[in-house]
Amino acid sequence: MRASRDRITFIPRWTITKFRSRSQETLKLLYDMLHNRGYSVVRVVEELGTKPYETLRFKGNIALNEGINALWTLVCGGTMTPYNNANARIGVGDGTAAEDPNQTGLQGVNKYWKGMDSGYPTYGSAQKATWRATFGPDEANFAWNEITVVNAADDSGQNLNRKVQAMGTKASGTVWVATLEISAS
């Protein structure tokens, strides 16, 4: 008789949705609808008629040891800061150092951490959790080469993961939405 093996597979999917406008008013409204009200990108496009100029989608990242240990602590009922709306941030940086599970955060010189959009993270259905943060026109304006989710205002918390990926250079006058969906099967 052959022994069966149980295995949990985590599948991270990142999306970076990029908007731009010459109108400061439109940018402010975009930011408000996405970050403060938690509207979906689809709803924003329908209501404003402003379409993203680019949407990047990519899979994968490396789970960092500190994040894995934080998850197991939370699962087992231990004391740890949760990756919830009050604490979680998506951090972006310009670092290009290869991903390594022993890292404890972003590796670049330029770094920026942004709190969750209203209503995020979502979890508890469809075997997934989704974190989303909207970066306004004057936030994180540099080359985005790395991204993470952390349970603090900066790298002082436990970083769940780190992905190195050329995402482009965010410029003033743009609003970028970073979304991480992790599904388990």
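You'll find the structure just up there.
If you're wondering where the values come from, they're calculated on a predicted model, not measured in any experiment.

Please explain the packing of helix α1 (residues 24-36) against helix α2 (residues 41-48) as it appears in this structure.
To characterise two packed helices, one gives the angle between the axes of the helices and the distance between these axes. With their axes 10 Å apart at the nearest point, α1 and α2 run at an angle of 145 degrees to one another. Between α1 and α2 the crossing geometry is right-handed. On α2, the residues touching Leu29, Leu30, Met33 and Leu34 of α1 are Val41, Val44, Glu47 and Leu48.

In this structure, what is going on with the pairing of strand β7 (residues 128-135)? I would like to understand it.
For a regular strand, side chains alternate in direction, first toward one face of the sheet and then toward the other. Here β7 lies mainly inside the structure; seven of its eight residues are buried. The pairing of strand β6 (residues 122-125) with β7 spans two bridges and is classified as antiparallel. By the bridge assignment for β7, Thr122 is matched with Thr130. The hairpin turn running from β6 into β7, its antiparallel successor, is two residues long, and Ala126 in that turn takes a positive phi close to 60 degrees.

What should I look at first to understand the sheet that holds strand β9 (residues 161-169) in this one?
What links the strands of a sheet is backbone hydrogen bonding, and the strands pair in either a parallel or an antiparallel sense. Judged by pairing direction, the sheet is antiparallel, and its five strands sit side by side in the order β3-β9-β8-β4-β5 without closing on themselves. Of all strands in the sheet, those with a lone pairing partner are β3 (62-63) and β5 (111-115), marking the two edges.

What am I meant to see in the packing of aromatic side chains here?
Aromatic ring pairs are described here by two measures, namely the spacing of the ring centres and the angle between the planes. Throughout the structure, instances matching the rule amount to three aromatic pairs. When the centroid spacing of 4.9 Å and the interplanar angle of 70 degrees are considered together, the rings of Phe135 and Trp144 count as edge-to-face. The same class applies to Phe135 as to Trp144, namely buried. Following the ring pairs from residue to residue traces out a cluster consisting of Tyr112, Phe135, Trp144 and Trp176.

Can you help me understand the pairing of β9 in this one?
Across two bridges, the pairing between β3 and β9 is antiparallel. Residue pairing for β9: Ala63 is matched across the bridge by Asn161. Bridging between strand β8 (residues 143-150) and β9 involves four bridges; their strand directions are antiparallel. For Ile147, the partnering residue across the bridge sits in β9 and is Lys163.

It is not clear to me how the pattern of salt bridges should be interpreted in this structure. Could you clarify?
Opposite charge on two side chains allows them to pair when their charged atoms are near. In total, this model carries nine salt bridges according to the counting rule given. With a shortest N-O distance of 3.6 Å, Glu181 and Arg13 are connected by a salt bridge. Residue Glu181 is located in strand β10 (residues 174-184), and its partner Arg13 is located in strand β1 (residues 10-20); the two are separated by 168 residues in the primary sequence. Glu181 sits in the partly exposed class, given a relative accessible area of 22%. Residue classification places Arg13 among the partly exposed residues on the basis of a relative accessible area of 30%. Between Glu146 and Arg162 there is a salt bridge, with the nearest N and O atoms lying 2.8 Å from each other. Of the two residues, Glu146 is situated in strand β8 and Arg162 in strand β9; the sequence distance between them amounts to 16 residues.

Explain the environment of Glu181 here, please?
Taking the C-alpha atoms as reference, Glu181 lies 22 Å from Lys170; in sequence the two are eleven residues apart. If we skip the residues at most four places from it in the chain, Glu181 touches Ile11, Pro12, Arg13, Lys128, Ala129 and Thr130. Polar contacts involving the side chain of Glu181 include one to the side chain of Lys128, which spans 3.2 Å.

Help me understand the layout of surface pockets in this model?
Where empty space is left in the structure can be found by rolling a water-sized probe over the atoms. Put simply, the largest pocket is a space of about 750 Å³. Taken together, 24 residues form the lining of the largest pocket, with Phe10, Leu71, Trp131, Leu160 and Ile182 sitting closest to its centre. Top contributing element to the lining of the largest pocket by residue count: helix α3 (residues 65-75), with five residues. Here the lining of the largest pocket is built from residues that sort into 18 nonpolar, five polar and one charged. Size it by volume and the second largest pocket reaches roughly 310 Å³.

Criteria and cut-off values
- Residues numbered from 1 in each chain as written.
- Predicted model: local features only at pLDDT ≥ 70, side-chain atom pairs only at ≥ 80, totals over all residues.
- Heavy atoms only, no water.
- Axes fitted to C-alpha atoms, helices over the stretch in contact; angles between N-to-C directions.
- Helix = DSSP H or I, 4+ residues; strand = E, 2+ residues; numbered from the N terminus.
- Left-handed = near helix turned anticlockwise from the far one by under 90°.
- Contact = heavy atoms within 4.5 Å.
- Buried < 20%, exposed > 50% of the residue type's maximum accessible area, 1.4 Å probe, protein only.
- Pairing = 2+ DSSP bridges.
- Phe/Tyr/Trp six-rings, centres within 6.5 Å; stacked < 30°, edge-to-face > 60°.
- Salt bridge = Lys/Arg side-chain N within 4 Å of Asp/Glu carboxyl O.
- Polar contact = N/O pair within 3.5 Å; in protein donor to acceptor, adjacent residues only side chain to side chain.
- 1 Å grid on protein atoms, 1.4 Å probe; cavity = no way out; pocket = protein on both sides within 12 Å on 5 of 7 lines; lining within 4 Å.
- Points joined across faces, edges and corners; volume = space filled by probe spheres on them.
- Nonpolar A, V, L, I, M, F, W, Y, C, P; charged D, E, K, R; others polar.

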